[in-house]
Amino acid sequence: MNEPCTIEAGLFKKKPCGLKSVTRCSTCEQPLCATHAVAQKKAGVFMCKECDDAAKRYDKDQAKREKEKKEADMMKSLANPNAPKPKQS
């Protein structure tokens, strides 16, 4: 990759990192240097910090929704124990 890393760095004056990029974010396609590339569980897949944080928030929200759905189903089954159980796929 010949493009420079475009992650903004700096404490007071934000400017592009500018180091030579080694990969791209798998979500937003932004060029990333070795310092700013966040490795994912799947080998060879990298994301920028912003996309990685968003993916983690999404996964956490999905887990919370699934837990709430299971609890609601359990409460329905306790309220009506003779009802047929839902099929699980």
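Note: the structure precedes this text.
All values reported here derive from a predicted model rather than from experimental measurement. (Residues numbered from 1 in each chain as written. Predicted model: local features only at pLDDT ≥ 70, side-chain atom pairs only at ≥ 80, totals over all residues. Heavy atoms only, no water.)

## What about the overall build of the protein?
Here's step 1: Looking only at helices and strands, the protein features 1 helix and 6 strands.
Here's step 2: In sequence order, the secondary structure elements of the protein are arranged as β-β-β-β-β-β-α.
Here's step 3: Of all 89 residues assigned to the protein, the portion counted as buried reaches 15%.
Here's step 4: Roughly 7,700 Å² of accessible area belongs to the protein as shown, and the carbon and sulfur atoms make up 56% of that amount. (Helix = DSSP H or I, 4+ residues; strand = E, 2+ residues; numbered from the N terminus. Buried < 20%, exposed > 50% of the residue type's maximum accessible area, 1.4 Å probe, protein only. Areas by Shrake-Rupley, 256 points an atom, 1.4 Å probe, with all protein chains shown as cover.)

## Details of the pattern of salt bridges
Here's step 1: The tally for this structure, following the rule as stated, stands at 4 salt bridges.
Here's step 2: Its salt-bridge partner being Glu 3, residue Arg 24 comes within 2.1 Å of it at the nearest N-O pair. Placement of Arg 24 in strand S3 (residues 23–24) and of Glu 3 in the segment before strand S1 (8–9) is noted, with a sequence separation of 21 residues between them.
Here's step 3: Here Lys 69 ties to Asp 73 by a salt bridge, and the two come within 3.4 Å at their closest N and O atoms. Of this pair, Lys 69 and Asp 73 both sit in helix H1 (residues 49–79), separated by 4 residues, roughly a single helical turn. (Salt bridge = Lys/Arg side-chain N within 4 Å of Asp/Glu carboxyl O.)

## Things to note about unusual backbone geometry
Here's step 1: Its identity as a non-glycine residue notwithstanding, Glu 29 has a phi of 65°, on the positive side.
Here's step 2: Relative to the helices and strands, Glu 29 resides in the loop between S3 and strand S4 (31–32).
Here's step 3: Under the relative-accessibility criterion, Glu 29 is labelled partly exposed at 44%.

## Let's talk about the side chain of Ser 21
Here's step 1: Its location among the elements puts Ser 21 in the loop between strand S2 (15–16) and S3.
Here's step 2: Within polar-contact distance, the side chain of Ser 21 engages the backbone oxygen of Glu 3 at 2.6 Å. (Polar contact = N/O pair within 3.5 Å; in protein donor to acceptor, adjacent residues only side chain to side chain.)

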